[in-house]
Amino acid sequence: MLLIQCPYCGPRPELEFAYAGQAHVARPADPSATTPDQWTEFLYLRNNTRGIHAERWRHVRGCARFFNALRDTTTDHFLATYRAGEPMPVLPMGQKP
Amino acid sequence: MSGRRIEQGGRVERSRAIRFTFDGKGYSGFAGDTLASALLANGVQVFGRSFKYHRPRGVFAAGSEEPNALVTVMRDEARCTPNLRATQVELYDGLVARSQNRWPSLDFDVQAVNDLMSPLLPAAFYYKTFMWPRAAWHKVYEPIIRRAAGLGEPPTLPDPDRYSQRFAHCDVLVVGAGPAGIAAALTASASGARVMLCDEQPEFGGSLLDEPTASIDGATAADWIRNSIATLRSRANVTLLTRTTAFGYFPHNLIGLNERITEHLAAPPTDRPRERLWQVRAARVVIAAGSIERPLVFPGNDRPGVMLASAARTYLHRYGVAVGQNIVLVTGSDAAYSAALDLHAAGVRVALIADVRADAAGAPLDIARQAGIDVVTGATVLGTRGRLGVREVTIGVLGRGAVNDTRRVKCDALLVSGGYTPSVHLFSQSRGKLEFNEARQAFLPSISAEPESSAGSCRGIDGYAQVLNDGARVGAESALATGHSVATQEYRVQVHEFSMHGLPGVLPQANHLQPSRAFVDFQNDVTTKDLALAMREGFESVEHIKRYTTTGMATDQGKTSNMNALAFVASELGRTIPKVGLTTFRMPYTPVTFGIFAGYDRGDLFDPVRTTPMHDWAVQQGAVFEDVGQWKRARYFPRPGEDMHAAVDRECQAVRAGVGLFDASTLGKIEVVGPDAATFLSRLYVNGFATLAVGRSRYGILLRDDGFIYDDGVIARIAEDRFHVTTTTGGAARVFGMMEDYLQTEWPDLQCWLTSTTEQWAVIAVQGPRARDVLAPLVSDVDLAAAAMPHLGVTQGRICGVPMRLFRMSFTGELGYEVNVPADYGLAVWEAIHASGQSHGITPYGTETMHVLRAEKGYIIVGQETDGTVTPDDAGLGWAIAKSKPDFVGKRSLARETMHAPDRKQLVGLLTADPRVVLEEGAQIIATPGQHAPMKMIGHVTSAYHSAVLGRSIALALVRGGRARIGETLYVPMPGGEIAVQVTATVFYDVEGARLHG
Ligand SMILES: [Zn+2]
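Rules and cut-offs
- Residues numbered from 1 in each chain as written.
- Chains lettered and ligands numbered in written order.
- Predicted model: local features only at pLDDT ≥ 70, side-chain atom pairs only at ≥ 80, totals over all residues.
- Heavy atoms only, no water.
- Contact = heavy atoms within 4.5 Å.
- Buried area = accessible area lost by both parts, 1.4 Å probe.
- Salt bridge = Lys/Arg side-chain N within 4 Å of Asp/Glu carboxyl O.
- Helix = DSSP H or I, 4+ residues; strand = E, 2+ residues; numbered from the N terminus.
- Pairing = 2+ DSSP bridges.
- Axes fitted to C-alpha atoms, helices over the stretch in contact; angles between N-to-C directions.
- Domains from an automatic or database assignment.
- Donors = N, O, S within 2.8 Å, 3.2 Å for Na, K, Ca; no water.
- Tetrahedral: all angles 85-135°; square planar, octahedral: opposite > 155°, others 65-115°.
- Parallel < 35°, antiparallel > 145°, perpendicular 65-115°, else oblique.
- Left-handed = near helix turned anticlockwise from the far one by under 90°.
- Buried < 20%, exposed > 50% of the residue type's maximum accessible area, 1.4 Å probe, protein only.

*Asks:* So what's going on with the interface of chain B and chain A? Which residues, and what values?
*Replies:* Chain B puts 26 residues into the contact, and the matching count from chain A is 28 residues. Taking both partners together, chain B and chain A bury about 2100 Å²; carbon and sulfur atoms supply 49% of that area. For the pair chain B and chain A, the number of links is four salt bridges. A salt bridge links Asp 705 of chain B to Arg 27 of chain A, with the shortest nitrogen-to-oxygen separation between them at 2.6 Å. When residues of the side of chain B that touches chain A are traced back to their parent elements, those giving at least two are strand E16 (275-287), helix H20 (732-746) and helix H24 (891-894) of chain B.

*Asks:* With reference to specific residues and values, describe the sheet that holds strand E42 (residues 761-767) of chain B.
*Replies:* Residues and elements named next belong to chain B. Ordered in space as E43-E44-E45-E46-E42-E36-E47, the seven strands form an open sheet in which the pairing is mixed. Each edge of the open sheet is held by one strand with a lone partner, namely strand E43 (779-780) and strand E47 (843-844). Bridge analysis of strand E36 (residues 660-663) against E42 gives four bridges, and the strand direction is antiparallel. Pairing of Gly 660 across the sheet is with Gln 767, part of E42. Across the face of the sheet, helix H22 (residues 826-836) comes into contact with E36, E42, strand E44 (794-799), strand E45 (802-808), strand E46 (816-822) and E47 while running at roughly 15° to E42.

*Asks:* Can you break down the domain arrangement of chain B residue by residue, with the values?
*Replies:* Domain boundaries in chain B define domain 1 (4-126), domain 2 (164-291 + 422-494), domain 3 (610-661), domain 4 (663-840) and domain 5 (854-997). Its C-alpha centre places domain 2 of chain B at a distance of 60 Å from the equivalent point of domain 3 of chain B.

*Asks:* Can you lay out the coordination of the zinc ion for me, pointing to particular residues and giving the numbers?
*Replies:* Reference geometry at the metal: tetrahedral coordination by four donors gives ideal angles of 109.5 degrees; octahedral coordination by six donors gives 90 or 180 degrees. Bound to the zinc ion on the protein side are Cys 6 of chain A (SG), Cys 9 of chain A (SG), His 59 of chain A (ND1) and Cys 63 of chain A (SG), at distances that span 2.0 to 2.3 Å. Every donor counted, the four donor atoms about the zinc ion form angles of 105 to 115° at the centre, which fits tetrahedral coordination.

*Asks:* Please set out the sheet that holds strand E31 (residues 493-494) of chain B residue by residue, giving values where relevant.
*Replies:* All names here are of chain B. Spatially, the three strands line up as an open sheet ordered E12-E11-E31, and their pairing is antiparallel. At either end of the open sheet lies a strand with only one pairing partner, and these are strand E12 (219-220) and E31. Inspection of the sheet shows strand E11 (residues 215-216) paired to E12 by two bridges, in the antiparallel sense. Within the sheet, the bridge partner assigned to Ile 216 lies in E12 and is Ala 219.

*Asks:* Break down the packing of helix H12 (residues 528-536) of chain B against helix H14 (residues 562-573) of chain B for me, citing the residues and quoting the values.
*Replies:* Pairs of packed helices are described in terms of their axes, by the angle between the two and the distance that separates them. Residues and elements named next belong to chain B. It is at 11 Å that the axes of H12 and H14 come closest, and there the two elements cross at 45°. As far as their axial angle goes, H14 and H12 are oblique. H14 is crossed by H12, and the crossing has right-handed handedness. Across from Thr 528, Leu 531, Ala 532 and Met 535 in H12, the residues of H14 making contact are Ala 565, Phe 568, Val 569, Glu 572 and Leu 573.

*Asks:* I'd like a rundown of the pairing of strand E9 (residues 163-175) of chain B, residues and numbers included.
*Replies:* Residue and element names in this part refer to chain B. Where E9 lies against E16, twelve bridges are found, and the strand directions are parallel. Residue Ser 164 lies in a different strand from E16, and its bridge partner there is Arg 276. As paired elements, E9 and strand E10 (residues 195-198) share four bridges and run parallel to each other. Pairing of Val 175 across the sheet is with Cys 198, part of E10.

*Asks:* Could you give an account of the pairing of strand E23 (residues 379-385) of chain B, with specific residues and numbers?
*Replies:* Working note: regular strand, side chains alternate between the two faces of the sheet. Within E23 of chain B, five of the seven residues are buried, which leaves it mostly tucked inside the rest of the structure. Here E23 of chain B folds back onto strand E24 (residues 392-399) of chain B in antiparallel fashion, the turn holding six residues, of which Gly 386 of chain B has a positive phi close to 125°.

*Asks:* How would you sum up the environment of Glu 818 of chain B? Please name residues and give values.
*Replies:* Of note, Glu 818 of chain B is situated in strand E46. In this structure, the C-alpha to C-alpha distance between Glu 818 of chain B and Ala 339 of chain B, residues 479 residues apart in sequence, is 84 Å.

Here it is, written out as C-alpha cells:
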C-alpha cells in the first residue's frame, strides 16, 4: 500500500485515494474545433511510461480533491505531488516524465 | 529408535510433561517443545510422505525453513489447520496432530508406487501427460491427481474464530530478534525512537538460544537475552512481538506482520483473537532475518534422519534432544563441526565427519580429531540406505578427479551442511538489488529500494561479535535517520564458533554423465534429474526452469533449495551463478492464514448493507428484496398464495387503474448550488438548463466525452442558483465523481458546489390516476391542481407538517408524484400516505413492477438498455439534446460520422408472435430463420416482461438499423427453437402519453 502525500492533507495511505489517469491532459477549450485526430488523441491516447509518469490522484476518502503526482513506475516512488492547476514541479535531478 | 531426550540441558521445562497424539498414537513431551522436538525425543523419524513420489520424509530443519515435516493440527472439525511445519507447532496438552499425504499409514503408503514409477513422472509431467483428451481432465485426471499429490486437507466447517487487524506506525521496525535484531532494537530505542521488534519464534534470541556456552559482555547468552528483552520491555517506546512473522514487504515501507496469539494454547481464551494482521508503516526497517543452512545434494539425501547440522544443534541445545545415537556429518563448511562436537560432548557417537572440501584444514578439523572423531576430506556421498530412515551412508573419497575410495558407514542420523544462505527474502521483496558475493558464495543485499537496512548474518556478517556490533550500528543509524541520535555499542563476546562459509551445489558423483536422482527441492519433490531434463529440453532461464520443474515453488518458497538449484543449473550450463540469476522472492515468507486478511470483514460485515428509511416497513409487509449494489430494494410484495408473476401483475394493474406506492429513496441525489450551477449542468448534460424555470424539472442525459450514455435522471431547479439532480441508483457515486472531476480540473473557475444528498432524502413515489387524491389531504402550502403543478413541476411545501420537495414526475406513464422528505421522517410520511390511500386501494409495489411499468412506456434503464456503446440517438432519445449549445460533454464525439451510421444498433420494441412467450433478456436476434452457427447476430434483447395491462409479453431490444425495420419479422434463436418476433416502436401503452398529464 502506497503512502501518498495529498497536497492538501499530507501523507495518507493509498486506500484513501483513487487513481485518476494521466495528468495534464486538458480538455480542448472548443472541442467542436478539433480535428478527428486531435479529438481521438484527447479521448484515447495515453502514455505507457516506464519511469516518471505524471498522473492524477483523487483523495476521494479524504478531502475529495484531485491533484497531480510524479511517480516513478519502476519503483512506485512519488517524486512530487502538487495541486491541480499548478505547473509541473522541476525535479532536483532534472528528470522529466 | 534413533532420537532420544538426553539427561539434561535444553530450554524445555522438564517438570511440565505434555501429552499429545500423532496419527492417533499418544506421546509425551515437555513444555517448551515443538511437535518436531517432542517426536524426535520419542524416537519418531518418519513425519510424512512427500508431495509427488510419496517417499517417507523426516524432519529436516528446526525452524520455519522446514520443507518436509508438514502436519495437520486438529482441535475440532472447524479448527483443523493443514500444512503446518512441525518445527513451528508448539506443544500443548491434548494436541492432536496428523501426518499428511499418506494412505493408509505412514509406514505403508500404497502410492509410494509413484516412486518406483518415477521415470514416468518427470518434470512437468502434469503438462505433458494429462493434456488429452480434454474431457478426461475433470472426470479422470484431476480427481486422481488431487488424491495422489497435494498436501493437507482444509477444514470442512466455517472458521469459528476471530482474526483481528491493526495498523501501526513506528520509527524503526526490527524484523528478527536474534543477536543482530536485539542489538539493533536496544540502540535504536535508547535514542528515544519508537521501535517495534518482532520474531517468528515463541521466544526472542534467535541463534543465540543454541549457544549455552557463549558469553556476551560477561553474561551467558541466555542471561544477555533475558536482560536485553527486560530492558526493551521497560521502555515505553518499544513494542515487542513474539510468534510474529514479517511475511511481506510492501511499497513505501509497509510491512505485513502475522501475529499468532492463541495457536499455542491448550484452551484458547474466547476473548482473544486467534491471529492478528499488523500493517506497520515504518520510517526505517531493520532486516535482521539471519541465515539458513543449506542442504547438500546427493543421492538419497531425502531419507528420514538426514538433517541440517544446525537443526541437530538446535534440538540438542534448546530441547535437550539428541537426533541420533550414532551420527555422520557431511559438511562443506566449518560451522557445522560445532554440531558434531556438541553432540559428541553430549555422549552421542560421531561415526565420521566427511568434509567435502579437499583443502579443508584448521581448527575445526584439529579439534574434532583431538576428540577422537574420524575426519576425511575431499569426500562425497554416493548414497544412503534404510527403508524408513537412514541406516547407512556410502562415502566416497575423491582423488585425481575420480572417486577412488568408498566406505559404507552405519548411522541413524546424517547431518549435512553446505554452509549458510543469508535470508534475503524480505530485502528482495522490497525490490532491493542483490549482488553475488564470490567469497561467501551467496547473494547479499546491495542497493536498497526502500528506507531499510539489513543487519547481521542476513547480509553476510559472520561471527557473533561482528553480528552484534553490526546490529548495534545499524540500529543507531536507523534511529538517526528518523531524527534520534544515540551512540553505538561494542560487544565483547566469548564463543566457540567457526566460519559459516560454504559451497552451494551438487556433490560430485562417480559417473557425471548419468545425473543422479538427488533431491534439490524436498517439498515439491524436484531432483537434479528433473532440472537436467528441463535444460535438455531447452529451458535456460532460471525463471522458466523454476516454473517447468516447480523447484522453489512450494509453500517453503525454496528456503533450503533455491541456491542449490541455481548452482546446479549454473554448473550444467557452464555459467556463473550471477549470470544465471536469482528467481524473484515472493510474499508470504511463510504461509499466512486467510483469516487475518478477512479480519472482521465476514458475514454481515463483509460488505455494508444499505437500507432505506422505509426498509423495516417493507420487511413487515413480507416484501421480497433484491440487491442493487449495496442497497436492499423491495422487489415485490406478495400476498398469501402469490408467486412473483401474480404479485407483479396485481401491482401493475393497481398502478394503472388506481394508485401505487413505491420507495425510490435509493436514487442518487446531488445538490448543485452556486451562481454558475446552471452553466455547470449545461456543460455536463446534453440538455439545456439556462432556460429551465424555477419550479420546473427536466429529464437529463449525461454522456461521457466519448459520446455514450453514462447516466440519466431528473434535474429540478429549486431556485435560480440551486438544482436538485437525481441519478440512477447504481450511478450515484460515479456521477458525483465525474461532476467533481470536471468542476475541479476542467472548469475550476465556475462558482458551483456539489453535495451528495442521496441519504438525506427519503423518496416516496405515488403513482397512478388516484395519486393526487391520496396526497391532497396530507399536503399544505402546495397547490396540486394540474394548472399550478403540471407534469415536471416542482414545488416545496409540507406534508404531514414535514418540509417536503414535491416533484410531479412519472416513471410509470401515469399521473405521478415523488415526495422527498428528510430521511428521518420517511417512514412516518410513508405510513401516513399509505393510510390516506387505503380508501383508494393504494398498493405498495416493488422494483419488478417498476421495471414492467416503465418498459410498457419504453423508458430506458441505464445499464440495461445501454452498455457503454449506446448514444442518445441509438436509445431514441435524440430529442433531449439541446442542439443550440456550443458544447456539452460528449457533443464532439456525437459529431463523428460513425455515430450516425444507419446500421447502428437502435432501441426498438419486440412483440412475439405468441403473446404468452416472454423472451429472455440477453438473447441474440437474427434476421433470417434457419441459420447455422455461426449465425449473423444483429442485436439482442435488453428487457422482456409479461405486461398485465396489455395481456401479453413485451420486449425492448437493440437491433442494427432497428428503426428502419419496424414492422419486419426477426428471429430469436433459443435452445427450444426459433422465436419469431415483430419489430415495433418502443412505446407499448398509452402511445400519446395522455395519462401522464391527468
Ligand atoms: Zn486530501
